[in-house]
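The lines below spell out each chain.
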Amino acid sequence: MEKNQEELKAHLMATDEEFRSLAERHAQLKKELETIEAKPHLTLEDEDRESRIKRQKLRLKDQMNDIMARSKAQRVA
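A brief report on the enclosed structure follows. On a predicted model such as this, the values are computed, not experimentally measured, just so you know.

1. A word on the nonpolar core
Right, so step 1: Core analysis: the biggest nonpolar cluster contains 14 residues, and L12, F19, L22, I53, M64, I67 and M68 have the highest contact counts within it.
Right, so step 2: Sorting elements by how many residues they give to this core places helix α2 (residues 17-37) first, with six residues.
Right, so step 3: Discounting residues that sit within four places of it in the chain, F19 has contacts with K9, L12, M13, M64, I67 and M68.

So, in structure tokens, the structure goes:
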């Protein structure tokens, strides 16, 4: 990620409760996913959970990117 995006993300983490909440949930899901992926063998339930977590993470990331895009547009305007 380029420096400006990292700065924007840090700014939003400090100033935007919604963005911070989304980022925290994304980080929690990342840890859950890492735990599942560290298993030597995945059960069908694990594979299902892994798939659901990945979809949730993508939705959260999309929401975070939308907030970042809106913030950038406001700064330019």
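Structure's up, so let's keep going.
2. Regarding the packing of helix α1 (residues 3-15) against helix α3 (residues 44-76)
Right, so step 1: Direction vectors running N to C along α1 and α3 enclose 100°, while the axes themselves pass 11 Å from each other. Here α1 is positioned roughly perpendicular relative to α3, judged by the angle of their axes. Contact residues: α1 offers Q5, L8, K9, H11 and L12, while α3 offers M64, I67, M68, S71, K72 and R75.
Right, so step 2: Broken down by class, the residue content of the contact of α1 with α3 amounts to five nonpolar, three polar and three charged.

3. Describing the packing of α1 against α2
Right, so step 1: Where α1 meets α2, the axes come as close as 6 Å, and the angle between the chain directions of the two elements is 105°. On the basis of their axis angle, the class for α1 and α2 is roughly perpendicular. Contact residues: α1 offers K9, L12, M13, A14 and T15, while α2 offers E17, F19, R20 and A23.
Right, so step 2: A per-class count over the contact of α1 with α2 returns five nonpolar, one polar and three charged.

4. Some remarks on the side chain of K57
Right, so step 1: By the secondary structure assignment, K57 is in helix α3.
Right, so step 2: Despite being buried, K57 has no salt bridge partner; E34 is the closest side chain of opposite charge, sitting 7.2 Å away.
Right, so step 3: When sequence neighbours within four positions are dropped, the list of residues in contact with K57 reads H26, L29, K30 and L33.

5. Describing α2
Right, so step 1: With 21 residues, α2 extends 30 Å from end C-alpha to end C-alpha; this agrees with the ideal 30 Å at 1.5 Å per step.
Right, so step 2: All buried positions along α2 are accounted for by F19, L22, A23, H26, L29, L33 and I36. For α2, the angular spread of buried residues about the axis comes to 135°, placing them on one side. Relative to its buried face, α2 has exposed residues pointing more than 90 degrees away, namely E17, K31 and T35.
Right, so step 3: Taking the backbone nitrogen of E18 as reference, a side-chain oxygen 3.0 Å away marks D16 as the first, capping residue of α2.

Conventions and cut-offs
Position numbers for residues count from 1 along each chain, tracking the sequence in the order it is written. Local features in this predicted model are restricted to residues of pLDDT 70 or higher, and side-chain atom pairs are both shown and tallied only at a pLDDT of 80 or more, whereas totals for entire chains, interfaces and linings draw on every residue. The side-chain figures draw on all heavy atoms in the structure; neither hydrogens nor water molecules are used. Buried Ala, Val, Leu, Ile, Met, Phe, Trp, Tyr and Cys residues that are joined via side-chain atoms within 4.5 Å together make up what is termed a nonpolar core. Exposure is judged per residue with a 1.4 Å probe applied to protein chains only, and the accessible area is read against the type maximum: over 50% gives exposed, under 20% gives buried, and values in between give partly exposed. A helix here means a DSSP run of H or I that spans at least four residues, while a strand means a run of E at least two residues long, and both kinds are numbered starting from the N terminus. Here a residue-residue contact requires only that any non-hydrogen atoms of the pair lie within 4.5 Å. Geometry is summarised by axes, namely lines fitted to C-alpha atoms with helices restricted to the contacting stretch, and by angles between N-to-C directions that run from 0 to 180 degrees. If an angle is under 35 degrees, it is roughly parallel; if it is over 145, roughly antiparallel; if it lies from 65 to 115, roughly perpendicular; otherwise it is oblique. Any residue outside Ala, Val, Leu, Ile, Met, Phe, Trp, Tyr, Cys, Pro, Asp, Glu, Lys and Arg is labelled polar, Gly included; the first ten of those are nonpolar and the last four are charged. For the charge count, each Lys or Arg is scored as positive and each Asp or Glu as negative, with His and the chain ends excluded. A pair is scored as a salt bridge if a Lys or Arg side-chain nitrogen falls within 4 Å of a carboxyl oxygen belonging to Asp or Glu. Given the number of residues in a helix, its expected span is that number minus one, multiplied by 1.5 Å. This arc describes the spread of directions from the helix axis toward the C-beta atoms. The term polar contact refers here to a pair of N or O atoms within 3.5 Å; inside protein, the definition further demands a hydrogen-donor-capable atom paired with an acceptor-capable atom, and it admits residues adjacent in sequence only when both atoms are side-chain atoms.

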